Amino acid sequence: MADAPSFPHQHLLGIQGLSPLEISALLDLAEEEIAVSRQIEKKKQTLRGRTQINLFFEASTRTQSSFELAGKRLGADVMNMAVAVSSVKKGETLIDTAMTLNAMRPDILVVRHHSAGAVELLAQKVECSVINAGDGAHEHPTQALLDALTIRRHKGRLQGLKVAICGDIRHSRVARSNIILLQAMGAQIRLIAPSTLLPTAIDRFGVDIFNDMRQGLVGVDVVMMLRLQRERMSAAYVPSIREYFRYYGLDVEKLALAAPDALVMHPGPMNRGVEIDPLVADGPQSVIREQVEMGVAVRMAVLEALAQHLPNR
Ligand code: CP
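Residues numbered from 1 in each chain as written. Predicted model: local features only at pLDDT ≥ 70, side-chain atom pairs only at ≥ 80, totals over all residues. Heavy atoms only, no water.

A. Representation of the environment of S60 in the model. Tracing the backbone shows S60 in the loop between strand 1 (51–56) and helix 2 (62–73). Linking S60 and G134, residues 74 residues apart in sequence, is a C-alpha distance of 9.9 Å. Polar side-chain contacts of S60 include one of 3.3 Å to the backbone nitrogen of T63. Reaching out from S60, the side chain makes a polar contact with the backbone nitrogen of Q64 at a distance of 3.0 Å. (Helix = DSSP H or I, 4+ residues; strand = E, 2+ residues; numbered from the N terminus. Polar contact = N/O pair within 3.5 Å; in protein donor to acceptor, adjacent residues only side chain to side chain.)

Structure representation (structure tokens):
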């Protein structure tokens with residue numbers, strides 16, 4: 001197997017700042033990690049002796065567990081910090097928590113936080129490599145990488161594909177990271193949402209906007225659905241869930257407007273019957289479970305790429 005490609009970054013804080021070549025190199029490395037994860041002996045030695053701490057201030061199933069598996073498959077000692085029973089609950093700040101963990105000499109911190117920019121701030125205070133596992137509505141870089149890997153494996157390319165990102169774009173870090181990555185790789189992006197669920201500065205994104213889902217889906221190669229993030233909403237952005245599903249939920253009838261071989265994607269967790277019909281989520285065009293498998297491979301690739309810059313050498 002080839003060595004990890006040269007990767008000139010100490011941290012992965014966002015897709016912003018990665019070049020198309022660096023993105024392609026991470027995806028190529030992730031292809032190798034898929035093979036490792038599919039064999040009986042799933043262990044590599046790249047992070048042997050290294051310590052990885054997963055620090056999640058927000059709930060997670062996929063990202064946290066896949067970072068844990070990825071670190072372990074590369075030989076690291078992985079600790080999941082139980083924030084719910086930590087001193088954060090006693091009023092300790094993010095930075096104090098980070099500095100406390102930093103004093104224990106970890107090599108990698110994987111951080112999810114509800115505030116945009118919090119992970120970057122933390123990265124400035126510690127000596128180890130920091131990976132953004134999602135910060136507020138800002139970025140979720142490994143999600144965009146795993147989405148790109150899933151698409152590339154099915155379509156053979158990203159360049160020139162028509163990708164529809166649908167739903168609660170306003171509150172979505174997944175949408176933001178995907179827009180940056182897919183644009184960098186030459187895909188054409190359509191955002192489909194009611195005006196209330198689009199970001200205010202949407203005209204700066206350089207994408208096509210559709211308020212009518214039926215119009216937006218015509219001929220697309222990929223339909224990426226997003227969860228309605230009710231926990232981030234401070235006001236009523238949709239009149240009712242029933243109406244939202246009627247106009248913006250992906251069902252069999254709306255999916256028929258996309259290309260016949262269009263992929264159906266969702267980063268999870270899914271709200272069945274809110275943004276996606278179970279018949280579509282579990283249907284033949286869905287690659288949602290495959291996205292989860294790609295998540296482990298992409299996170300292994302990111303950890304391997306960052307291994308070149310780990311401290312304590
Ligand atoms: N897609 C995603 O970030 O899922 P989790 O919230 O379960 O990690």
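B. Representation of the site of the ligand in the model. The ligand sits among S60, T61, R62, T63, R112, H140, Q143, P267 and G268. The separation between an oxygen atom of the ligand and a polar main-chain atom of R62 is 2.9 Å. Interatomic distance of 2.9 Å between a side-chain N/O atom of R112 and an oxygen atom of the ligand. When the ligand is considered free in solution it has 250 Å² of accessible area, and contact with the protein chains removes 92% of it. Residue classes in the shell around the ligand are distributed as 1 nonpolar, 6 polar and 2 charged. (Near = heavy atom within 4 Å. Areas by Shrake-Rupley, 256 points an atom, 1.4 Å probe, with all protein chains shown as cover. Nonpolar A, V, L, I, M, F, W, Y, C, P; charged D, E, K, R; others polar.)

C. The arrangement of the sheet that holds strand 9 (residues 263–265) in detail. Strand order in this open sheet of 5 strands is 7-6-5-8-9, and the pairing throughout is parallel. On the outer flanks of this sheet lie strand 7 (208–210) and strand 9, each paired with one strand and no other. Ignoring strand direction, the axes of neighbouring strands in this sheet form an average angle of 20°. Sheet topology places strand 6 (residues 188–192) next to strand 7; 3 bridges connect them, and they run parallel. (Pairing = 2+ DSSP bridges. Axes fitted to C-alpha atoms, helices over the stretch in contact; angles between N-to-C directions.)

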